[in-house]
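# Descriptive analysis of the structure
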Amino acid sequence: MRKLLHNFLNLFFPPLCIVCHSRLAEGEEHICTECLLLLPKTNFHLQEDNRIEQFFAGRIPFGRVSAYAYFVKGGSMQSVVHELKYRYNPQLGRYLGRLCGENIKGSDFVRGIDLLVPVPLHPKRERQRGYNQSMEICKGISAVTGIPIDDTTLRRVVNNQSQTKNSRFDRWKNVEDIFSLADAEAFAGKHILLVDDVITTGSTIESCAKEILKSADSRISIYALATAN
Ligand SMILES: [Zn+2]
């Protein structure tokens, strides 16, 4: 019955590629095969001392940093991220997470990672959006790599997420002490992969990292779906 309804709806509202808006073929999900092949992947996970590692160098201590693809204004990843954040599409987040997982699985980048930790949203913001997009990405990565997720220890305690008009300096000031750990020992001795949707100024990541690193002997690596750097 469900399948029948699904087929019926597809007849009148065929699923479209979120990048080029062409009709998806049987077996395609969210993004058509052609657009998928054209996504601007970074492969930074295979490259030590890559561009985003240089970007974070000296700001926080980290193991490795990578992102799945480049975020360019007007580019395909902008459509993808917009759909993920503003069009209520948690399935897309899990799908993208699986792409990320397939990309980094088996590489040195994920070797030794104990936990995936999504950058948390403030609970109020998460209620508005219906989900945390970084958590959906983590679910996809976890499904492919088998690495467990911890989304309860790191918390966003200050809602500062309407800051788009602030200058870079103000934004940096704004993210100090907006995260806290529900359990100071949960990350002790662990190598955490902190997961975000898009890295822009890096200030949110920096703030999360500082909080996580308060746990004894914890280490972090960083991964995002996209990077503007
Ligand atoms: Zn397409």
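Residues numbered from 1 in each chain as written. Predicted model: local features only at pLDDT ≥ 70, side-chain atom pairs only at ≥ 80, totals over all residues.

## Topic: the environment of Arg87
Put simply, the test is: Helix and strand labels come from DSSP, where a helix needs a run of H or I of at least four residues and a strand needs a run of E of at least two; each type is numbered from the N terminus.
Among the structural elements, Arg87 can be located in the loop between helix H4 (76–86) and helix H5 (90–104). C-alpha separation for the pair Arg87 and Arg129, spaced 42 residues apart in sequence, amounts to 8.8 Å.

## What about the sheet that holds strand E5 (residues 191–199)?
Defined as follows: Paired strands, as defined in this entry, are two strands with at least two bridges between them according to DSSP. Helix axes use the C-alpha atoms of the stretch in contact, all axes being lines fitted to C-alpha atoms, and the angles between their N-to-C directions lie in the range 0 to 180 degrees. Two residues form a contact once the distance between their C-beta atoms, set from the backbone, is within 7 Å.
One open sheet holds the four strands; their spatial order is E1-E6-E5-E2, and the pairing between them is parallel. Unpaired on one side and paired on the other, strand E1 (65–70) and strand E2 (115–118) mark the two borders of the sheet. Neighbour-to-neighbour, the strand axes of the sheet open up by a mean angle of 20°, direction not taken into account. Across the sheet, helix H7 (residues 133–145) touches E2, E5 and strand E6 (219–227), and the angle it forms with E5 is around 125°.

## Points about the pairing of E6
Both faces of the sheet carry side chains from a regular strand, because those side chains alternate between them. Note the following rule: Three exposure classes are used, all based on how many other C-beta atoms lie within 10 Å of a residue's own C-beta (placed from the backbone): buried at 20 or more, exposed at 12 or fewer, and partly exposed between those limits.
Counted residue by residue, E6 has eight buried out of nine residues, so it is predominantly covered. Examined bridge by bridge, E1 and E6 share five bridges and lie parallel to one another. Looking across to E6, one finds that Tyr70 is bridged to Thr227.

## Concerning the nonpolar core
We count it as follows: The nonpolar core is taken to be a set of buried Ala, Val, Leu, Ile, Met, Phe, Trp, Tyr and Cys residues joined by way of C-beta atoms within 7 Å. Reported domain spans reflect what an automatic or database domain assignment gives.
One finds Ala67, Leu194, Val195, Leu225 and Ala226 to be the most contacted residues of the largest nonpolar core, which totals 50 residues. Listing elements by their share of this core, those giving two or more residues are E1, H4, H5, E2, H7, E5, helix H9 (203–212) and E6. No fewer than three residues from each of domain 1 (1–38) and domain 2 (40–227) sit in this core.

## So, the domain arrangement of the protein
By the assigned domains, the protein splits into domain 1 (1–38) and domain 2 (40–227). Computed over C-alpha atoms, the centres of domain 1 and domain 2 are 28 Å apart. Contacts between the two partners involve six residues from domain 1, matched on the other side by six residues from domain 2.

## Considering the environment of Val81
Mapped onto the elements of the fold, Val81 is located in helix H4. Those residues in contact with Val81 that sit more than four places away from it in its chain are Phe71, Asp197, Val198 and Ala226.

## So, H7
This is how it is decided: For a helix, the expected span equals 1.5 Å multiplied by the residue count minus one.
For H7, which comprises 13 residues, the first-to-last C-alpha distance of 19 Å matches the rise-based estimate of 18 Å (1.5 Å per residue) to within 8%. Of all the positions in H7, only Gln133, Ser134, Met135, Glu136, Ile137, Cys138, Gly140, Ile141 and Thr145 are classed as buried. Lining the buried residues of H7 we find H4, H5, E2, E5 and E6.

## Some details on unusual backbone geometry
The backbone phi angle of His30 is positive, close to 65°, even though this residue is not glycine. When you line up the elements, His30 lands in the loop between helix H1 (2–12) and helix H2 (33–38). Judged by local crowding, His30 falls into the buried class, with 21 C-beta atoms found within 10 Å. A positive phi angle, close to 60°, is found at Asp49, a residue other than glycine. In this structure Asp49 comes out as exposed when scored by C-beta crowding, with 10 C-beta atoms within 10 Å.

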